[in-house]
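One-letter residues, chain by chain:
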Amino acid sequence: EDKPTNQQQTEAESSNIPQDILHIWPMAIKSRWDWYRNALSLSGLSSQDVEDQMRLRKVLGEPMTIACEPGDLVLLCAQRPHAAVGFSNGTRVSLQCFIQHQGADKRLLIDT
């Protein structure tokens, strides 16, 4: 009888363990004045520069981490600072869209 290798066993075990895949910073911009007051720091949100990103993470502090299992759906406001974290196996599917909510008795409508 063939026994699984250590690598196969580890992969099988890790596929059932939730993986930390998303960091979200608990920050809310409630008005344009909030944005203006923090414009220098927040300008790093749209920058791909490594130094800007490091400075932004220092200003924002520790993020909240979301752990997901295969099949989970995560919805978030993309204006909130967030970062996808690498994962060891599987496939991540990402869709950016607007979602319309027209009441508790209605289906959500996805605008792509």
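Below, the structure is looked at part by part.

### With respect to the overall build of the chain
Helix and strand counts for the chain come out as four helices and five strands. In the chain, the succession of helices and strands from N to C terminus is α-β-α-α-α-β-β-β-β. The buried share of the chain, reckoned over its 112 residues, is 15%. Here the contacts in the chain between residues at least 6 apart in sequence split such that 65% fall between residues at least 24 apart. When the accessible area of the chain is evaluated, it comes to approximately 9,700 Å², of which 52% is carbon and sulfur surface.

### Remarks on the nonpolar core
The tendency in soluble globular proteins is for nonpolar side chains to be buried side by side. Counting six residues, the largest nonpolar core consists of Trp-25, Met-27, Leu-42, Leu-56, Leu-60 and Ala-83. Setting aside chain neighbours within four positions, we find Met-27 in contact with Leu-42, Leu-60, Arg-80 and Pro-81.

### Some words on the pattern of salt bridges
Inspection of every chain in the model, using the stated rule, returns two salt bridges. The shortest N-O distance in the salt bridge between Asp-34 and Arg-37 comes to 2.3 Å. With a gap of three residues between them, Asp-34 and Arg-37 both fall in helix α2 (residues 32-37), about one helical turn apart. What makes Arg-37 exposed here is its relative accessible area of 60%.

### As for helix α4 (residues 50-60)
The N-capping residue of α4, defined by a side-chain oxygen 3.2 Å from the backbone nitrogen of Glu-51, is Asp-49. Looking one or two residues beyond α4, the residue adopting positive phi is Gly-61, at roughly 85°.

How each quantity is defined
- Residues numbered from 1 in each chain as written.
- Predicted model: local features only at pLDDT ≥ 70, side-chain atom pairs only at ≥ 80, totals over all residues.
- Heavy atoms only, no water.
- Helix = DSSP H or I, 4+ residues; strand = E, 2+ residues; numbered from the N terminus.
- Buried < 20%, exposed > 50% of the residue type's maximum accessible area, 1.4 Å probe, protein only.
- Contact = heavy atoms within 4.5 Å.
- Areas by Shrake-Rupley, 256 points an atom, 1.4 Å probe, with all protein chains shown as cover.
- Core = buried A, V, L, I, M, F, W, Y, C linked by side-chain atoms within 4.5 Å.
- Salt bridge = Lys/Arg side-chain N within 4 Å of Asp/Glu carboxyl O.
- Polar contact = N/O pair within 3.5 Å; in protein donor to acceptor, adjacent residues only side chain to side chain.

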